[in-house]
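# Descriptive structure summary
Okay, here's what each chain looks like letter by letter:
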Amino acid sequence: MPNLDNFDLAILKCLQEDARATNVEIAQKVNLSPSPCLRRIRNLEKTGVIRGYRADIDRKEVGLGLTVFVELKVAHHSRENAQAQEAALLAIPEVVSCFLISGTADFLAEVVVEDLAAYERLLTDTLLTLPNVSDIRSNFAIRSMKTHGALKLPGP
């Protein structure tokens, strides 16, 4: 893990607030001149601390009104089966986030689709055909209150 100082953390906080801020705006906010600020941002990108930039799109405004948290249990636990399951889940465009978890399930996937009919198609045509799946449980979000929140970074 890169050694992050207060300037790096301040830059990350600024970028979480507004990833479209210019280097000059960020430099002013963190009390650096633009050149060292840009160098730090590029280093944060190069080391993988900053993984990328993207638009935060309102799901409902683009017709994606249903969020489902899907728990998947894998039969016959092995590294190969887990890797196959992971690869299969990552290849599904409707899966917007996915975690290997402990507990009663092995994977937790956040799925975003248009509606219940779209989820039924995804479930029957895709999720139930995944390799070594022994159980699937679907939890439907009633209302989203916070998605893609900023990370609480360490520091003052």
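So, how was this worked out
Residues numbered from 1 in each chain as written. Predicted model: local features only at pLDDT ≥ 70, side-chain atom pairs only at ≥ 80, totals over all residues. Heavy atoms only, no water. Helix = DSSP H or I, 4+ residues; strand = E, 2+ residues; numbered from the N terminus. Contact = heavy atoms within 4.5 Å. Polar contact = N/O pair within 3.5 Å; in protein donor to acceptor, adjacent residues only side chain to side chain. Core = buried A, V, L, I, M, F, W, Y, C linked by side-chain atoms within 4.5 Å. Buried < 20%, exposed > 50% of the residue type's maximum accessible area, 1.4 Å probe, protein only.

Per an unreviewed UniProt entry, the chain goes by Leucine-responsive regulatory protein and derives from Rhizobium tibeticum.

## Observations regarding the side chain of D8
Mapping D8 onto the fold places it in helix α1 (residues 6-17). If sequence neighbours within four positions are ignored, D8 has contacts with N3, R40 and L44.

## Looking at the side chain of N23
On the secondary structure map, N23 appears in helix α2 (residues 23-30). Of note is the side chain of N23, whose polar atom sits 3.3 Å from the backbone nitrogen of L38. Not counting residues within four places of it along the chain, the set of residues in contact with N23 comprises P34, C37, L38 and I41.

## Thoughts on the nonpolar core
Counting residues in hydrophobic clusters, the biggest one holds 19 residues, and the most contacted among them are V70, L72, V111, Y119 and L127. Sorting the residues of this core by element identifies β1 (66-74), α4 (79-90), β3 (107-113) and α5 (116-125) as the ones contributing at least two each. Here this core takes 5 residues from β1, the largest share from any one element. Setting aside residues up to four positions removed in sequence, Y119 forms contacts with L66, V68, V70, V111, V113, L127, S138 and F140. L9, L12, I26 and C37 belong to the second-largest nonpolar core, a separate cluster that totals 15 residues.

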